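Summary of the model geometry
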Amino acid sequence: MKALILTEAGKSIGFGHLTRCIGLYQGLKEKNIDAKIIVNADSTVKHLLKGIRYKRFNWLKNRETIFRGLKNIDIAIIDSYLADLDFYKKISEIVKIPVYIDDYKRLNYPKGIVINPSIYGDKLNYPKKDDVRYLLGKDYIILRKEFWNVPKKKINKEIKNVLITFGGMKSHQDLAKKLAKHLKNKFNFDIYVVEPNKNFTAKDMLKLMLESDLCISGGGQTTYELARVGVPTIGICFAENQLNNLVYGEKEGYLKFAGWFNDSALENKISSIIMNSIYNEFVLMSEKSRNIVDGKGVKRILNVLLL
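Below is a summary of the structure that appears in this document. (Residues numbered from 1 in each chain as written. Predicted model: local features only at pLDDT ≥ 70, side-chain atom pairs only at ≥ 80, totals over all residues. Heavy atoms only, no water.)

**Focus on the side chain of serine 289**
Turning to its location among the elements, serine 289 is positioned in helix α9 (residues 279-292). When neighbours within four sequence positions are excluded, serine 289 is seen to be in contact with Ala227, Gly230 and Tyr254. (Helix = DSSP H or I, 4+ residues; strand = E, 2+ residues; numbered from the N terminus. Contact = heavy atoms within 4.5 Å.)

**Describing the packing of aromatic side chains**
Counted by the stated rule, this structure contains twelve aromatic pairs. With a centroid separation of 5.4 Å and an interplanar angle of 15°, the aromatic rings of tyrosine 100 and tyrosine 109 are classed as stacked. Note on tyrosine 100: relative accessible area 0%, which makes it buried. Its relative accessible area of 3% is what places tyrosine 109 among the buried residues. Centre to centre, the rings of phenylalanine 238 and phenylalanine 261 are 5.4 Å apart; their planes meet at 20°, and the pair counts as stacked. Taken together, the residues phenylalanine 238 in the loop between β11 (233-237) and α7 (243-252) and phenylalanine 261 in the loop between β12 (256-260) and α8 (266-275) connect sequence positions 23 residues apart. Relative accessible area serves as the criterion here: at 33%, phenylalanine 261 is assigned to the partly exposed category. Chaining the aromatic ring pairs together yields one cluster made of Trp59, Phe67 and Phe87. The residue whose ring lies beneath lysine 55 is phenylalanine 57, and the NZ or CZ to ring-centre distance is 4.7 Å. (Phe/Tyr/Trp six-rings, centres within 6.5 Å; stacked < 30°, edge-to-face > 60°. Buried < 20%, exposed > 50% of the residue type's maximum accessible area, 1.4 Å probe, protein only. Lys NZ or Arg CZ within 6 Å of the ring centre and 35° of its normal.)

**Remarks on the layout of surface pockets**
Reported here for the largest pocket is a volume of approximately 910 Å³. Lining the largest pocket are 42 residues, and of these Gly14, Phe15, Gly16, Gly167 and Gln221 lie nearest its centre. For the lining of the largest pocket, the secondary-structure elements that each account for two or more residues are α1 (16-30), β10 (214-218) and α6 (222-229). Here the lining of the largest pocket takes four residues from α1, the largest share from any one element. Here the lining of the largest pocket is composed, by residue class, of 16 nonpolar, 20 polar and six charged. (1 Å grid on protein atoms, 1.4 Å probe; cavity = no way out; pocket = protein on both sides within 12 Å on 5 of 7 lines; lining within 4 Å. Points joined across faces, edges and corners; volume = space filled by probe spheres on them. Nonpolar A, V, L, I, M, F, W, Y, C, P; charged D, E, K, R; others polar.)

**Quick notes on the sheet that holds strand β6 (residues 112-116)**
The seven strands are arranged β3-β2-β1-β4-β5-β6-β7 in an open sheet whose pairing can be described as parallel. Among the strands making up the open sheet, the edge pair consists of β3 (54-56) and β7 (132-136). Each adjacent strand pair in this sheet contributes to an overall mean axis angle of 15°, direction not counted. Bridge count for strand β4 (residues 75-79) against strand β5 (residues 97-101) is five bridges, and the pairing is parallel. Within β5, the residue paired with isoleucine 78 across the bridge is tyrosine 100. Packed onto the sheet, α1 meets β1 (2-8), β2 (34-40), β4 and β5 and runs at close to 170° relative to β1. (Pairing = 2+ DSSP bridges. Axes fitted to C-alpha atoms, helices over the stretch in contact; angles between N-to-C directions.)

**Some remarks on the packing of α1 against helix α10 (residues 297-305)**
Two elements in contact, α1 and α10, have axes whose closest approach is 10 Å; the angle formed by their N-to-C orientations is 60°. Classified by the angle their axes make, α1 and α10 are oblique. The handedness of the crossing between α1 and α10 is right-handed. Contact residues: Gly23, Leu24, Gly27 and Leu28 in α1; Val298, Ile301 and Leu302 in α10. (Parallel < 35°, antiparallel > 145°, perpendicular 65-115°, else oblique. Left-handed = near helix turned anticlockwise from the far one by under 90°.)

Note that every value here comes from positions in space, so none of it alone points to a role or purpose.
The following block contains the structure:
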């Protein structure tokens, strides 16, 4: 069998789509499926794709090239906020197993398999269609291979090491640095800010998470990696498509939602959350997050795709 994955990423839009596509790619390779990722991206994605068979290519502007290349493809996976409905319809006509990754019921998808790999995916009212199968919710959260099986995290009685990670967009770094300065003035913490230009691999991020007592994160794909590791997390919303991750994450009890990035009271809200947090609460947050995000999402998805 052959599989093609189409997605987008880069310094202006972040890396969340690509990292979960890498997780699916890794799962396909473990099943001895001939897989390839085509990503519409700038050169900032290269460090994420070491060991991955991929091509950087604007597949949306060159769709006829993609359609011709799908003639011998069995599985086509699209993870995009930019692709239009006509593109999906054409894919569904060409390949045997068309797969669409969706975060917020963006389109009325054609024949195929729709995956919403999020904590809230099964809460959305997707239209019932005879030719569409839905894989929705926490059981289908997609993680990179490094996060499938991770050691149980030790929760320390005192917060000493704080990780701040706001994703791959450089525009968020000013807030990260400002927040780090604020916390250093109020608490005796060692603070590490993840900068986009540092080219962290999945192994690098896993190591940082295991060493951190607390993480302050944006509301994207990283929240699920943090949940899998069991890191007590304070979430900040940078975009509307992150809001459900954070609202439902707080509802399920595995993170604290501090609010929007442009809230003038954000720094004080984060300080208040930290001051009012206790050890037993962090232990419970860690346990809940690991139970909810169990690292088996890719396996469950492939069990359906490869029936």
